[in-house]
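Report on the structure
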Amino acid sequence: MDSWIYIVLLGIGAVLYALMLPKRREETVKSEQVVKEMESTLEQYMGEVQLENEQLLDLVGQMKQEQTAKQTAQQEQLNEMRHRLLAVEQQLASTEGRLRSAETLLASVPVNISTTQASEAVEAADIASQPHINSIKSRYTELFDMYEAGRSIDMIAKSAGMQRGEVQLIIQLAKQEESP
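Now for a description of the structure that goes with this document. Please read these numbers as outputs of a predicted model, since none were measured by experiment. (Residues numbered from 1 in each chain as written. Predicted model: local features only at pLDDT ≥ 70, side-chain atom pairs only at ≥ 80, totals over all residues. Heavy atoms only, no water.)

**Brief notes about the pattern of salt bridges**
- If you walk through the whole model with that rule in mind, you get six salt bridges.
- A salt bridge links K137 to E148, with the nearest nitrogen and oxygen atoms 3.7 Å apart. In this pair, K137 sits in helix α3 (residues 136–139) while E148 sits in helix α4 (residues 141–148), placing the two residues eleven residues apart along the sequence.
- By relative accessible area, K137 is classed as partly exposed at 30%.
- According to the relative accessible area criterion, E148 is exposed, its value standing at 54%.
- Here K137 ties to E178 by a salt bridge, and the two come within 2.6 Å at their closest N and O atoms. Of the two residues, K137 sits in helix α3 while E178 sits in helix α6 (residues 164–178), which places them 41 residues apart along the sequence. (Salt bridge = Lys/Arg side-chain N within 4 Å of Asp/Glu carboxyl O. Helix = DSSP H or I, 4+ residues; strand = E, 2+ residues; numbered from the N terminus. Buried < 20%, exposed > 50% of the residue type's maximum accessible area, 1.4 Å probe, protein only.)

In structure tokens form, the structure reads like this:
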């Protein structure tokens, strides 16, 4: 009988072991599935991160190009302002020269002549000593070419790098220059 008990116990142990074996396989399969799902999720995440990085690089590249274009436009505008400043300084120097010559002429005019004669003498000397000043149209030929071609004041201002009011003022001054 003792051996009979051992055989029964051994049989029960074998049956229990057999029942537990498939569970282990199921657990192994489940853990492998979890690992595969985790890997696919991580791959999707990495793909999304890479796509976002590429979009970010494109955006930074566009911003850099826009900044470079802005800087170039500002540099051109600065150069334009420098040229205008030089022109104004030259005009100021010529005006100061005319003023000095008019003052010396006025100082040399005898005191007993009338005020009208003195002012006429000063004007004559001023006209004689004045170099030929270009008209507004000759200074802003491109602006007036665009205006005569029918472009709007806004378009002219944009392409000339000027303010709208400045373009209007130049056009009005040219009209006044032509009328007298």
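**Comments concerning the environment of R151**
- Summarising the element assignment, R151 is placed in the loop between α4 and α5 (153–160).
- Setting aside anything within four residues of it in sequence, one finds R151 in contact with M146, I156 and S159. (Contact = heavy atoms within 4.5 Å.)

**Here's the deal with the nonpolar core**
- Formed by I136, L143, F144, M146, I156, A157, M162, V167, I170, I171 and A174, the largest nonpolar core amounts to eleven residues.
- When contributions to this core are tallied by element, the ones reaching two or more residues are α4, α5 and α6.
- If sequence neighbours within four positions are ignored, I170 has contacts with I136, Y140, L143, F144 and M162. (Core = buried A, V, L, I, M, F, W, Y, C linked by side-chain atoms within 4.5 Å.)

**Some remarks on the packing of α4 against α6**
- Where α4 meets α6, the closest approach of the two axes is 11 Å, and the angle between their N-to-C directions is 85°. For the element pair α4 / α6, the angle class is roughly perpendicular. Residues L143, F144 and Y147 of α4 pack against V167, I170, I171, A174 and K175 of α6.
- By residue class, the composition of the contact of α4 with α6 is seven nonpolar, no polar and one charged. (Axes fitted to C-alpha atoms, helices over the stretch in contact; angles between N-to-C directions. Parallel < 35°, antiparallel > 145°, perpendicular 65-115°, else oblique. Nonpolar A, V, L, I, M, F, W, Y, C, P; charged D, E, K, R; others polar.)

Distances and angles like these do not, on their own, reveal function.
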